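Single-letter residue listing:
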Amino acid sequence: MSIVYIVSAPSGSGKSTLVNELFKVVKGLDFSISYTTRHSRGSEQNAKEYFFVTKKEFEAMIAADEFLEYAKVFEKDYYGTSKRFLREAEVRGNDLLLDIDVQGAAQIKKKIPDAVSIFILPPGREVLGWRLRNRGLDSEEVILRRLDTARREIENYSKYDYILVNERLEQSTDELKAVVLAERLLRSRKKLTVEESQIVEKARACRLDEARERVRPILESFDS
Ligand code: ADP
Ligand code: 5GP
């Protein structure tokens, strides 16, 4: 059985950057390329970051029951995870990573309770604003909407198994890698080596119960 990893984050937190880094250092992991009705941005290519489809095509896929989950994100565009990616990962004997929003994550957890969910937080509202502006992909209007949405998204952090604060990229990548490897190790039920036990410990430090103190000032930064 493939392990399904769900990664969610407010837009601009660095989730795509982190996930790209993860794929460089972890083997046996597939990325689920979502379908979306939004237009491509910057250098995005069809069938790489997303499958870009029309609303009509997306609604035909809903009618054909082709989605494991789908949602309207930012009350505007549809985004959905195709069932095909999970089937294909299973055939290959790989695990699968989904980069989806909080609505999608809740749907997957209901269908696949064993899925591992990871929430990535920016260090605070100000840093999130800088990252969105530096990325240079969105208009100021879109950035302000994303900052507003971020507050509401962050409130959902406690529904996730693991919480990562993406402050220093190298450290966050290391923590994300530890979570992926630790879940594999724990499910294998084998006796762990010293090195493997250290990986499991690193992942445990990122579990929700351990994260509440770290999250409080971040939440507060979105209130001011
Ligand atoms: P998301 O996928 O969450 O929307 P991106 O991966 O596009 O976010 O990152 C948003 C911006 O922040 C990008 O310009 C990226 O290079 C930058 N970034 C990502 N992680 C970090 C980090 N740890 N420190 C500083 N900048 C970062
Ligand atoms: P963006 O437009 O910045 O690429 O993504 C916007 C949001 O949509 C992100 O939070 C991203 O995780 C989410 N998203 C991407 N693909 C899917 C998907 O297939 N399903 C759901 N529910 N959300 C998705």
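Look up: the structure comes first, before these words.
Calculation criteria
- Residues numbered from 1 in each chain as written.
- Chains lettered and ligands numbered in written order.
- Predicted model: local features only at pLDDT ≥ 70, side-chain atom pairs only at ≥ 80, totals over all residues.
- Heavy atoms only, no water.
- Near = heavy atom within 4 Å.
- Polar contact = N/O pair within 3.5 Å; in protein donor to acceptor, adjacent residues only side chain to side chain.
- Areas by Shrake-Rupley, 256 points an atom, 1.4 Å probe, with all protein chains shown as cover.
- Helix = DSSP H or I, 4+ residues; strand = E, 2+ residues; numbered from the N terminus.
- Nonpolar A, V, L, I, M, F, W, Y, C, P; charged D, E, K, R; others polar.
- Buried < 20%, exposed > 50% of the residue type's maximum accessible area, 1.4 Å probe, protein only.
- Arc of directions from axis to C-beta.
- Contact = heavy atoms within 4.5 Å.
- Pairing = 2+ DSSP bridges.
- Axes fitted to C-alpha atoms, helices over the stretch in contact; angles between N-to-C directions.

**Quick look at the site of ligand 2**
- With respect to spatial proximity, 19 residues lie near ligand 2, and among them K15, S34, Y50, E69 and Y79 are the closest.
- Within the contact set of ligand 2, an oxygen atom lies 2.7 Å away from a side-chain nitrogen or oxygen of K15.
- Within the side chain of R38, one N or O atom sits 2.7 Å away from an oxygen atom of ligand 2.
- Contact with the protein chains covers 95% of the free accessible surface of ligand 2, which is 510 Å².
- Counting only elements with at least two residues in the shell around ligand 2, the list comes to β5 (67–73) and β6 (77–82).
- A breakdown of the residues in the shell around ligand 2 according to their chemical character gives seven nonpolar, five polar and seven charged.

**Brief notes about helix α3 (residues 83–92)**
- Taken together, the buried positions of α3 are F85, L86 and A89. Projected down its long axis, α3 carries its buried residues within an arc of 100°, all on one side. What points out from α3, more than 90 degrees from its buried face, is the exposed set R87 and V91.
- The elements touched by buried residues of α3 are β1 (4–8), β2 (29–31), β4 (50–52), β5, β6 and β7 (95–99).
- Backbone nitrogen of R84 and a side-chain oxygen of the N-cap are separated by 3.1 Å at the start of α3; the cap is S82.
- Where α3 terminates, the next one or two residues include G93, which has phi positive at roughly 75°.

**With respect to the sheet that holds β4**
- Spatially, β4-β3-β6-β5 is the arrangement adopted by the four strands of the open sheet, whose pairing is mixed. With one partner strand each, in any of the chains shown, β4 and β5 form the two edges of the open sheet. Direction aside, neighbouring strands of the sheet carry axes that sit 25° apart on average.
- Pairing of β5 with β6, which is carried by six bridges, proceeds in the antiparallel orientation. Of the residues in β6, the one forming a bridge with A71 is Y79.
- Contacts from α3 reach β3 (34–36), β4, β5 and β6, with the element oriented near 25° to β6.

**Looking at the site of ligand 1**
- Near ligand 1, the surroundings consist of 14 residues, among which G12, K15, S16, T17 and R135 are the closest.
- Within the backbone of G12, one N or O atom sits 2.7 Å away from an oxygen atom of ligand 1.
- One of the backbone N or O atoms of L169 is found 3.3 Å from a nitrogen atom in ligand 1.
- At the level of secondary structure, the elements contributing two or more residues to the shell around ligand 1 comprise α1 (15–25) and α5 (125–135).
- Within the shell around ligand 1, the residues separate by chemical class into two nonpolar, seven polar and five charged.

**Here we look at unusual backbone geometry**
- For A47, which is not glycine, the phi dihedral falls at a positive 75°.
- Owing to a relative accessible area of 36%, A47 belongs among the partly exposed residues under this scheme.
- The backbone of R189 sits at a positive phi, close to 55°, despite the residue not being glycine.
- Mapping R189 onto the fold places it in the loop between α7 (169–188) and α8 (194–204).

**Considering the side chain of T37**
- Of note, T37 is situated in the loop between β3 and β4.
- Within the local environment of T37, its side chain forms a polar contact with the side chain of D77, the two groups lying 3.3 Å apart.
- Within the structure, the side chain of T37 is placed 2.9 Å from the backbone nitrogen of Y78, a separation counted as a polar contact.

**So, the pairing of strand β8 (residues 116–121)**
- In terms of burial, β8 is largely enclosed, as six of its six residues are buried.
- Residues V116, I118 and I120 of β8 are buried on one face, and the alternating residues S117, F119 and L121, pointing to the opposite face, are buried as well.
- Bridge count for β1 against β8 is four bridges, and the pairing is parallel. Among the inter-strand pairings, V7 is bridged to a residue of β8, identified as I118.
- In this structure, β8 lies alongside strand β9 (residues 162–165), joined through four bridges in parallel fashion. Each bridged residue has a counterpart across the sheet, and for L121 the counterpart in β9 is V165.

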